[in-house]
Every structure is written in structure tokens, then in C-alpha cells.
Amino acid sequence: MTGPDTRVRDVQRQVRPTFLLAVVFAASAVVVAVVPHDTGVWLPLHLFLVGSLLLAISGASLLFAVTWSAAPAPARHLVVAQRLLLSAGAAGLAITREMSAPGAATVAAAAVVAALALLGVMLVTVTAAGRNRRFDAPVGNYVLALVAGVVGCTMGALLVLEPRSTGFRAGHVAVNLLGLVGIVIAATLPFFSATEARTKMSPRATATGQRLLGGILALSLTVAIVGLLGEATAVTGTALVVYALALVFLVALLPRLRAKQFRWAGPRLVGLLAGIAWWVSAVITASVHAFDGSEVFTRPVLMALVVGGYTQILLSSLAYLGPVLRGGGHETLTAGFRTTRSWIALCAVNAAAAALTAGFLPVGWVLLAATGLDAATRTVTLVTGPRGSTFPGTAPSS
């Protein structure tokens, strides 16, 4: 580990390449969505989820763990190894699945599992070495989410090797999307939303509340997966309803937002809230499908969850983290926030989610490509702009 006096600068330097790779994978997902290929929607979804989203989760969770815990940054070689394992695994999955090479795809999936396990070890080590124990609960939820990710990726590897039941496939989707990704986002938002809005954290966002939220999400998801594997429709539907109610509880843990916060954060804050709304609606729709005994995670449900929910939350988060990671003084930071303040991307990603959910796929992909083009242009502007000393602005307001 590095020294405590340079922890913020060190961890920001370590995760900058991780976030840039996340942007590259997101752009590649948009490109392959409109380019002919053999694996349909699977390819862009996995490039985005396994590549872009998990890389962003890796960088953000390490950044927050070090900042929140007041701990030294992890050893650089561990961060590099985790990033290489994850990016190689994500790219390998895409290539080998497209080439119909199940053996090689299994190796790629193993690399992703190893990357998640290594990230979990680093988070535990960082938190144990920290001086501030206030944020142990969200970091604990991160580790819980990574356990779900290891299970979900293992299920995915088994699916590559041989066809399995519809319930098993739906369980793989649930544990990865609602477990790995969902629990990480739920653990982050009560604190990160306060940082984005430049306001105080909600007094309801206590350690007990965070542990309760993570526990309800994990328990309801576990029951839902048992229901999916056992084809118990009522069990699955009820568990997903409880998961949706837990998301309502998550909203209750967010800070109180006023006009002042919306004027400051603008599309970044609106995007976070809109992403949560899409997330809740997707889970509720999935629960309705479960009660009906039909396919739980249909394409409209996946589009609502992935594009309207997680993509939008990722864009809103990177629009804040990008200027912070670039560094510089207050003027440079403010200029960076102006660069990433995009109502265009906000409108385009919501319109894309609506079109894809409604079945207007060509329109949706074009709108999603417009979102990606806008984000890529702003990223290039941000990266090529002036950079000064690191600005330690990732600690949440207290």
C-alpha cells in the first residue's frame, strides 16, 4: 500500500486508466449494436455490462473505499492486475462467444471471476487499514455484491459450456444485474448523490440503514433465484416485489434535494434519479412476468434496466468523477463540470431507453449512438484539457 498522506492522489492516479477503459468498452458496445454480428443483443450487452460497467464499478469502489476509509491506496501492481484481468476477460468473452469457442469463453469468464475476487480482497484490505470506520457498511455491501458477481459469472460460464433451463439462464441474469451491479449502485448512491448535489448526507443514511438495505436486496435476490431455479413463479414474483420495495427504501436514504442542488448538478442529478426510476420500473415489470409464469427478463425489461437504469446512472456518475479525476484547481474543476454537463445525453439516453423498451430497435440504437457520441466528445475534451494538481473532491459531504 502507499502512504496515507498521498492516498487520494495515489488512488486517483491508479483508477484513471480504469475509467478510460470503461468509456472505451461503452463505445465499443454502441458500435457493435449497429454492426452485423452473430450473437444478437448478447454482444453489446456483455461488452457494456462486463466491460464498461464492471470496470467503472472497480474504479469507483476502490476510489470510494480509500477516500471514505482514510486508508492508503492499494499496491499499484494489484490494481493493474485487476484491471487487466477484467478487461481481458470482457474482451475475451465477446470474441470467443462470437467465434463459438466455448472452451476459450470459459477461460475468459474465469478471468472475470478472478478480477472480481481480487477487487474484493483489495476492498477488504483497504477498509481494514483505514482510520475512518464510518463507511464500513457500504464497502461491506460492495463485497457482498462481488460475491454475487462470482456466482453469476460462474453460472454464465456453465451456460457457455452447455444449454441449461430457462430458469437457470434467468437466474444468471438476476444475480449479475440485480446482485452484482444493483447492490453496488445501491450501496453508493446515498453517499455519492450527496457529493454530486453538494449537500449533506441524509441523517437516515446510517450504517444500520445501509446494512439493512444490502441485506434486504441480497435476501430477496436469493429467494428470487431459488424461485427461478425451481420454477416457483409466486416465490420469484414476491421476491422481486420485495427487491423493488428495497429500492424505494434506497430513495428514502438519499439526501433531501432542493432547487439549489438541481441548479448546481443539473443533468447529472436528474440522470441519477431518472435511472433509479427506470430501475424500479424494470424490476416491477419483471415481477409481473414472474407471477404470470412468462419469461421474466424479456428484452424490454433488459433494455429498461440496462439502458434506462444502469447506463444513465453510469453516465451521470462519470460526468462528476471525470473532472475530479482529471485534477487541477477549482477553476479547472469547474470548467470540467461545465464540459460534462450534458442535457443532450440525458434526453438521448432516456429516449433511447423508451424506444428500445417499446420495440423500436433501429431508433433506439441511433439514439444510443448519439448518446455515446456526445459522451465520447466530452470525454476527449476533458482528457485533452489542462490538468493540474489533484483535487480531492470525492469524499461525501457530512
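Residues numbered from 1 in each chain as written. Predicted model: local features only at pLDDT ≥ 70, side-chain atom pairs only at ≥ 80, totals over all residues. Heavy atoms only, no water.

**Let's talk about the layout of surface pockets**
Here comes step 1: Put simply, the largest pocket is a space of about 1200 Å³.
Here comes step 2: Looking at the largest pocket, it is lined by 48 residues, and the ones nearest its centre are Leu 159, Arg 169, Ala 170, His 172 and Val 173.
Here comes step 3: Elements that contribute at least two residues to the lining of the largest pocket include exactly helix H2 (42–69), helix H3 (76–98), helix H4 (102–129), helix H5 (136–161), helix H6 (166–197), helix H7 (207–229), helix H8 (233–253) and helix H11 (299–326).
Here comes step 4: Of the residues assigned to the lining of the largest pocket, the class counts are 27 nonpolar, 16 polar and five charged.
Here comes step 5: Here the second largest pocket is characterised by a volume of approximately 930 Å³. (1 Å grid on protein atoms, 1.4 Å probe; cavity = no way out; pocket = protein on both sides within 12 Å on 5 of 7 lines; lining within 4 Å. Points joined across faces, edges and corners; volume = space filled by probe spheres on them. Helix = DSSP H or I, 4+ residues; strand = E, 2+ residues; numbered from the N terminus. Nonpolar A, V, L, I, M, F, W, Y, C, P; charged D, E, K, R; others polar.)

**Topic: H3**
Here comes step 1: An ideal rise of 1.5 Å per residue puts 33 Å on 23 residues; H3 measures up with 33 Å between its terminal C-alpha atoms.
Here comes step 2: For H3, every residue scored as buried is listed here: Val 79, Gln 82, Arg 83, Leu 86, Ser 87, Gly 89, Ala 90, Gly 92, Leu 93, Ala 94 and Thr 96.
Here comes step 3: Remark: Ser 100 follows H3 within two positions and exhibits a positive phi of approximately 55°. (Expected span 1.5 Å × (residues − 1). Buried < 20%, exposed > 50% of the residue type's maximum accessible area, 1.4 Å probe, protein only.)

**Regarding the nonpolar core**
Here comes step 1: In this structure, Leu 178, Trp 279, Phe 297 and Tyr 310 are the most contacted members of the largest nonpolar core, which totals 126 residues.
Here comes step 2: Sequence-distant contacts of Tyr 310, defined by excluding residues within four places in its chain, comprise Leu 53, Leu 177, Leu 178, Val 181, Gly 182, Ile 185, Trp 279 and Leu 305. (Core = buried A, V, L, I, M, F, W, Y, C linked by side-chain atoms within 4.5 Å. Contact = heavy atoms within 4.5 Å.)

**Notes on the pattern of salt bridges**
Here comes step 1: What the rule picks out here adds up to five salt bridges.
Here comes step 2: Residue Asp 10 is joined to Arg 9 by a salt bridge in which the shortest nitrogen-to-oxygen separation is 4.0 Å.
Here comes step 3: Residue Arg 268 pairs with Glu 196 through a salt bridge whose shortest N-O separation is 3.8 Å. Of the two residues, Arg 268 sits in helix H10 (residues 267–292) while Glu 196 sits in helix H6, which places them 72 residues apart along the sequence.
Here comes step 4: Classification of Arg 268 by relative accessible area gives buried; the value is 2%.
Here comes step 5: Residue Glu 196 is classed as buried on the basis of its relative accessible area, which comes to 0%.
Here comes step 6: Through salt bridges that share partners, Arg 9, Asp 10 and Arg 13 make up one connected network. (Salt bridge = Lys/Arg side-chain N within 4 Å of Asp/Glu carboxyl O.)

**Overview of a nonpolar patch on the surface**
Here comes step 1: Together, Val 241, Leu 245, Val 248 and Phe 291 line one region of the surface with nonpolar side chains, adding up to about 350 Å² of accessible area.
Here comes step 2: Looking at the nonpolar patch element by element, the count peaks at three residues for H8. (Patch = residues over 30% accessible without salt bridge, like charges linked within 9 Å, V, L, I, M, F, W, Y side chains within 5 Å. Areas by Shrake-Rupley, 256 points an atom, 1.4 Å probe, with all protein chains shown as cover.)

**Considerations on the packing of aromatic side chains**
Here comes step 1: Overall, the coordinates contain 10 aromatic pairs when judged by the stated rule.
Here comes step 2: Ring geometry for Phe 135 versus Phe 191: centroids 5.2 Å apart, planes at 80°, classification edge-to-face. Taken together, the positions of Phe 135 in the loop between H4 and H5 and Phe 191 in helix H6 put the pair 56 residues apart, joining distant regions of the chain.
Here comes step 3: Overall, the relative accessible area of 3% leaves Phe 191 in the buried class.
Here comes step 4: Through a chain of ring-to-ring contacts, three or more aromatic side chains come together here, namely Phe 64, Trp 68, Phe 135, Tyr 142, Phe 191, Phe 192, Trp 264, Tyr 320 and Phe 337.
Here comes step 5: For the cation-ring pair, Arg 97 lies above Trp 42, with the distance from its terminal atom to the ring centre recorded as 4.9 Å. (Phe/Tyr/Trp six-rings, centres within 6.5 Å; stacked < 30°, edge-to-face > 60°. Lys NZ or Arg CZ within 6 Å of the ring centre and 35° of its normal.)

**Thoughts on the side chain of Ser 202**
Here comes step 1: Within the secondary structure, Ser 202 sits in the loop between H6 and H7.
Here comes step 2: Given the relative accessible area of 6%, Ser 202 is considered buried.
Here comes step 3: For Ser 202, the side chain forms a polar contact with the main-chain nitrogen of Arg 204, separated by 3.1 Å. (Polar contact = N/O pair within 3.5 Å; in protein donor to acceptor, adjacent residues only side chain to side chain.)

Function cannot be inferred from these measures alone, as they are strictly geometric.
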